[in-house]
2 protein chains.
Amino acid sequence: MSDRLSAREVKRHKWWGWGLDDVTFRYDNKPAFPVLARDKVGVDLDSKQPVEPDLSDFEVPAGRLPDAIRSQLVGVVGEENLADDDEYRVVHSFGRSLPDLFRVRAGDFARLVDAVVYPSSEDEVAAVLRIVLEQDLVLIPYGGGSCISGSVTPDVHEQRPVLTMNLGRMRDVLEIDDTAGLARVEAGMYGPDLEEQLNELGWTVGHFPDSFTYSTLGGWAATRSSGMQSDKYGDIEDIARGLRMVHPDGTAVTKAIPGRDSGPSVHEMILGSEGRLGVITEVTVQVHRISPVRQVIAYMYPDWEHGIRGMHAIARSTDVTPTFTRLSDGPETEFSLSMVKEPTSTKSKVAAKVQEGLFSYLRSKGWDTTNEMSISYVCFEGSKESVEQQKSLVKKIVKGNGGITLGAGPGAIYDQKKFDTPYLRDFLLNYQVFGDVCDTGATWSNLNEVHSTVYDAFYAVQREQGLPGFMFCHMSHSYHSGACLYFTFAFPYSSDEQALGQYYAAKNAVQQAFVDLGSTVSHHHAVGIEHQPWITEDVGEVGVRMVKGLLADNDPGRNLNPGKVTTP
Amino acid sequence: MSDRLSAREVKRHKWWGWGLDDVTFRYDNKPAFPVLARDKVGVDLDSKQPVEPDLSDFEVPAGRLPDAIRSQLVGVVGEENLADDDEYRVVHSFGRSLPDLFRVRAGDFARLVDAVVYPSSEDEVAAVLRIVLEQDLVLIPYGGGSCISGSVTPDVHEQRPVLTMNLGRMRDVLEIDDTAGLARVEAGMYGPDLEEQLNELGWTVGHFPDSFTYSTLGGWAATRSSGMQSDKYGDIEDIARGLRMVHPDGTAVTKAIPGRDSGPSVHEMILGSEGRLGVITEVTVQVHRISPVRQVIAYMYPDWEHGIRGMHAIARSTDVTPTFTRLSDGPETEFSLSMVKEPTSTKSKVAAKVQEGLFSYLRSKGWDTTNEMSISYVCFEGSKESVEQQKSLVKKIVKGNGGITLGAGPGAIYDQKKFDTPYLRDFLLNYQVFGDVCDTGATWSNLNEVHSTVYDAFYAVQREQGLPGFMFCHMSHSYHSGACLYFTFAFPYSSDEQALGQYYAAKNAVQQAFVDLGSTVSHHHAVGIEHQPWITEDVGEVGVRMVKGLLADNDPGRNLNPGKVTTP
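Since the structure is predicted, the reported quantities are computational estimates derived from the model, not experimental observations. (Residues numbered from 1 in each chain as written. Chains lettered and ligands numbered in written order. Predicted model: local features only at pLDDT ≥ 70, side-chain atom pairs only at ≥ 80, totals over all residues. Heavy atoms only, no water.)

1. A few points about the overall build of chain A
Within chain A, the regular secondary structure consists of 19 helices and 18 strands. Taking 24 Å as the expected radius of gyration for a compact globule of 568 residues, we find that chain A reaches 24 Å, a close match to that expectation. Here chain A holds 568 residues, and 63% of them are scored as buried. The contacts in chain A between residues at least 6 apart in sequence include a share of 77% that link residues at least 24 apart. For chain A, the accessible area works out to roughly 20500 Å², and carbon and sulfur atoms hold 51% of it. Once the 54 positive and 78 negative side-chain charges of chain A are each reduced to a mean point, those two points are 5 Å apart. (Helix = DSSP H or I, 4+ residues; strand = E, 2+ residues; numbered from the N terminus. Rg over C-alpha atoms; globule rule 2.2 N^0.38 Å. Buried < 20%, exposed > 50% of the residue type's maximum accessible area, 1.4 Å probe, protein only. Contact = heavy atoms within 4.5 Å. Areas by Shrake-Rupley, 256 points an atom, 1.4 Å probe, with all protein chains shown as cover. Lys, Arg positive; Asp, Glu negative; His and termini not counted. Charge placed at Lys NZ, Arg CZ, Asp CG, Glu CD.)

2. Things to note about the interface of chain A and chain B
Facing the 76 residues of chain A at the interface are 77 residues of chain B. Overall, the association of chain A and chain B removes approximately 6100 Å² of surface from exposure, summing both partners, and the carbon and sulfur fraction of that is 58%. Connecting chain A to chain B are six salt bridges. With its nearest N and O atoms 2.9 Å apart, the salt bridge here joins D553 of chain A to R545 of chain B. Connecting chain A to chain B are 35 residue pairs in polar contact (both at pLDDT 80 or more). Of all the secondary-structure elements, those providing two or more residues to the side of chain A that touches chain B are β9 (250–254), α10 (266–270), α14 (384–400), β16 (433–443), β18 (482–492) and α19 (535–554) of chain A. The element contributing the most residues to the side of chain A that touches chain B is α19 of chain A, with 13 residues. Residue composition of the side of chain A that touches chain B, grouped by class: 29 nonpolar, 34 polar and 13 charged. (Buried area = accessible area lost by both parts, 1.4 Å probe. Salt bridge = Lys/Arg side-chain N within 4 Å of Asp/Glu carboxyl O. Polar contact = N/O pair within 3.5 Å; in protein donor to acceptor, adjacent residues only side chain to side chain. Nonpolar A, V, L, I, M, F, W, Y, C, P; charged D, E, K, R; others polar.)

3. A short note on the sheet that holds β16 of chain A
Sheets are built from strands that pair by backbone hydrogen bonding, the pairs being arranged parallel or antiparallel. Residue and element names in this part refer to chain A. Reading across the sheet, the seven strands line up as β15-β12-β14-β13-β17-β18-β16 and stay open at both edges, with antiparallel pairing between neighbours. Where the open sheet ends on each side, the last strands, each with one partner, are β15 (404–407) and β16. Taking each pair of neighbouring strands and ignoring which way they run, the sheet shows an average axis angle of 20°. Bridge count between strand β17 (residues 470–476) and β18: seven bridges; the pairing is antiparallel. (Pairing = 2+ DSSP bridges. Axes fitted to C-alpha atoms, helices over the stretch in contact; angles between N-to-C directions.)

4. Overview of the domain arrangement of chain A
For chain A, the assigned domains are domain 1 (50–166), domain 2 (173–289), domain 3 (293–417) and domain 4 (531–568). The centre of domain 1 of chain A, based on its C-alpha atoms, is set 44 Å off from the matching centre of domain 3 of chain A. (Domains from an automatic or database assignment.)

5. Details of the pattern of salt bridges
For the structure shown, the criterion picks out 56 salt bridges over all chains. R26 of chain B serves as the salt-bridge partner of D28 of chain B, at 2.8 Å between the closest nitrogen and oxygen. Relative accessible area serves as the criterion here: at 54%, D28 of chain B is assigned to the exposed category. You can call R26 of chain B partly exposed: its relative accessible area is 47%. Look at the salt bridges and you will find they share partners, linking R4, D172 and E186 of chain A into a network.

6. Thoughts on helix α17 (residues 447–465) of chain A
Residue and element names in this part refer to chain A. Helix length check: α17, at 19 residues, gives a terminal C-alpha distance of 27 Å against a target of 27 Å (1.5 Å per residue), a fit within 8%. Along its buried surface, α17 packs onto α11 (304–316), α12 (330–338), β16, β17, β18 and α18 (496–516). Looking one or two places after α17, you find G466, whose phi comes out positive at around 65°. (Expected span 1.5 Å × (residues − 1).)

7. Observations concerning the UniProt feature "domain: FAD-binding PCMH-type" (unreviewed entry) in chain A
Within this structure's numbering, the places UniProt gives as "domain: FAD-binding PCMH-type" (unreviewed entry) are residues 109–290 of chain A. The annotated region residues 109–290 of chain A carries 23% helix and 26% strand content, and the separation between its end C-alpha atoms amounts to 45 Å. (UniProt positions renumbered as here; feature names shortened; annotations may be inferred.)

8. Quick word on the relation of the copies chain A and chain B
Mapping chain A onto chain B is achieved by rotating through 180° and translating by 0.0 Å along the same axis, at an RMSD of 0.0 Å. Look at the turn and shift together and you get a two-fold axis relating the two. Residues of chain A ranked by C-alpha distance from the rotation axis are headed by L550 of chain A, positioned 2.7 Å from it. Interface overlap between copies: 100% of the residues of chain A at the interface are likewise at the interface in chain B, consistent with a symmetric, same-surface contact. (Least-squares fit on C-alpha atoms with pLDDT ≥ 70 in both.)

9. A few points about unusual backbone geometry
Residue and element names in this part refer to chain B. Of note, A526 is a non-glycine position whose phi angle comes to about 65°, a positive value. Mapped onto the elements of the fold, A526 is located in the loop between α18 (496–516) and α19 (535–554). Phi at R558 is positive, roughly 50°, even though this residue is not glycine. The residue R558 is located in the segment after α19 in this model. In this structure R558 comes out as partly exposed when scored by relative accessible area, which is 28%.

10. Considering the confidence of the model for chain A
The predicted model of chain A has a mean per-residue pLDDT of 95, with 100% of residues at 70 or higher. Across the interface, the model reports ipTM at 0.96; the global pTM reads 0.97. (pLDDT = per-residue confidence, 0-100.)

In structure tokens:
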């Protein structure tokens, strides 16, 4: 086991937003971006003054953890691994959902967690859990704090002391079984650390959610995460082969063995349990040898419908097995183009010229290059020969569905910038603009209907609210029978008082459209508290009743992250 | 909805054994088989008189279903769809495990089911379930009755009336979504009917367990079945995308949508629940277009270790995606060769000569062709080009691991005979010989250790028992991190009184070796009652506690197939 970080060395978000303190989105080098912001969202970035919050403007209520219990906890983890100062309590009391960000920036500190403990071993996790049960506390497990469904937020009505358990010190690769391609890893491991440690040994897990830089292996398992390379590597359900979870009655262990047939799946009860059954301490993941060749190729289709036909043809083909496939619709393609930096080098100036020429050619062929054409990215991994062969097959499929191949250049740019998007939300909030995402799983047969219905629902609400708004969407995570649709929307709210009402009007319309069309309430953002209004429509009345029974039976005192997934 | 069969038209096993009355294993055309039976199992088939059972030799105790309840049930399903005559009660009271077969043949009718109902709709299933709960009956759902873990057998101590529900009349394909590749199918559909109905429309499910001819879709889901083509099509967990299950509180419905992230998985609680949460009435399965080309190619390795290296290399390769891969060890290869028919046609005589020549050549190269060399089958599907390419890659892998390619001839023979093996068990029982199977999931890193340890454990027990015995094994169901090992063993028991004791001594030694080495108690034969002694070692104490809680909460009266998976 490596030397442990101390609590203060564990990476954490800035208190009011995503990620590192000194990283923010900038647009001064992206000339098309302020134009889009003005035209689509009605915000003049250059004239409006951005507002960044300051913690010293707010009063942070004192914690409620009795001294005697604090001493007990310190006895387990050590004084330096219990944090109960204001900033740590604030940062651990919110995930990174839009309402979380809005509330934390507004100093809405009605119910903060009372202390944060950082255990360094499964034994310490178990010892803390014993104290939690004996003293009737509430325990909230915490990975990277990136969740957007409210899974780490304490209930505002909770009267008992609330303890958050940050797993960030437990970040070792414990064992690699080279023959089986399995790695036992502690749950507090962040995405980048995991890949770095494994890459050094020639392995990859291949799990890259948008939250990658600020999410952990345990968090992925507890929320049923999905990464952008799931086409090849699978969702976390496929990747996480074995689990260890500290439960009130001991440690649950599921074997990392293929072919589970011993009754209802304990493994699949723990996945997605969001801390309500215990604390996941260890995950055994499938690991794969890093491919000798990896390429992301960009394609362009005249519109969404052509693109979906192409995506589906790729998914159906038994001869191609891409690492990921992604299609942006017209508006998202327009948004992506607005994010292109101003060409300054000779190389980028040439590229801009080439693009201009291409778009002009496409217009001459009848394409609408402003907001119809749809960019697609496909990632290939394997031997040089296999990648070349697959590229050639996909090129044919794209062409057969009316699209063209752009090549590796734009693909590489997409691949580099893919984890930067969360910073944009904070930037927009500085201008009183909401930007958020909703995702769903849908079958190939109703992807297009979900797509158009969600647009209609969103813009109808915005018209009712008398607000501008901008929505865009991409398709990713291809499966045999369907895929994920991932919608982004943005609009300026009218006032602090109306803000969350306006947000939920828009978000709820989208979520309701998902379930009304038989799709899932969310593809990979868990339930938390934000998606609970639709859980019955998602898993059915009997399903909810089964889950409630399971949770109540395992945690009769409601000490384990109560209120998440479903109410008692 | 098609016209429903009546109860009497639903296919059923012969009362004392596997499958159709008039199909039995014969060896008169297989000259090597009696030699093997004599040398390995110590049975002289030609001198010993086979004993077939006769139901009229036994007294069948009367059913205990009160007339008033019988009338209520008849009110739901109709008189012709309730069967309570002796033969129907007997055939539904036993699965097809070795102890089941031994007991049914011995007329061990201590506790038979009291009646069999055949509902024709989900509404009828629900109406029967209401009667079961109101009248405090026991309900056992029944698919094809092929299970070998005791999942359909009533508890001998059960005092309440026991009702078996045969789903065999519910056998329609209700809907096919061509775009999504999904078919909604009633749970009582038998394997061959399912493939026939779908094949006509160009689709396949690709699920072919050994029990295929006598197992149903609902049974597969309820027991977490795995088919021999799981390398490509997945286990039933992967294939069954949506479920409907009649539960005491209503119908549970899981959506056939990729990307489930709504908490602990209700879908995965229902899979493997063996009737303890309700009655599965409908499954939405992934369907695939039938491949233009399908070929099974046979290979030979000098021994098991070389073969496993080859199998693993195929599993690891990202360039080949076979439909199935299978490796028989030396003893199983010897057994397979003993099943070859005496050559009578010119063609088969030539083939025998060619084989003789090949074996003699291999011996000259130092191979042990009697009981070391290991035959392997790999199935390829896809376009002509892709199949040719994959065959060429696999040929290279096999050669690189010391093996040779035999070709398509033996592959085709294997493919035709794959569902006939269950008849052999009944044949052997006619000679007081037990033949049975045990399977486990293991990682690539401990496959060889499991293989050798199980052999040692079995032969040690047989030595202690003073009995001969023969064991063989194959590897199938390849996954990223491991595979299934499937052991077959046979031995003559000493007397009717000692028979089951001798059987369990052998079987228990094998099962215990599985879990002692960290492998699963079973890869795809469910828990039932036979595997319960190892369930704690399989899913852990906390896991068992979670499952018990789930089952007790959903069925507090223990009316739903009580005693299966785990005791209360």
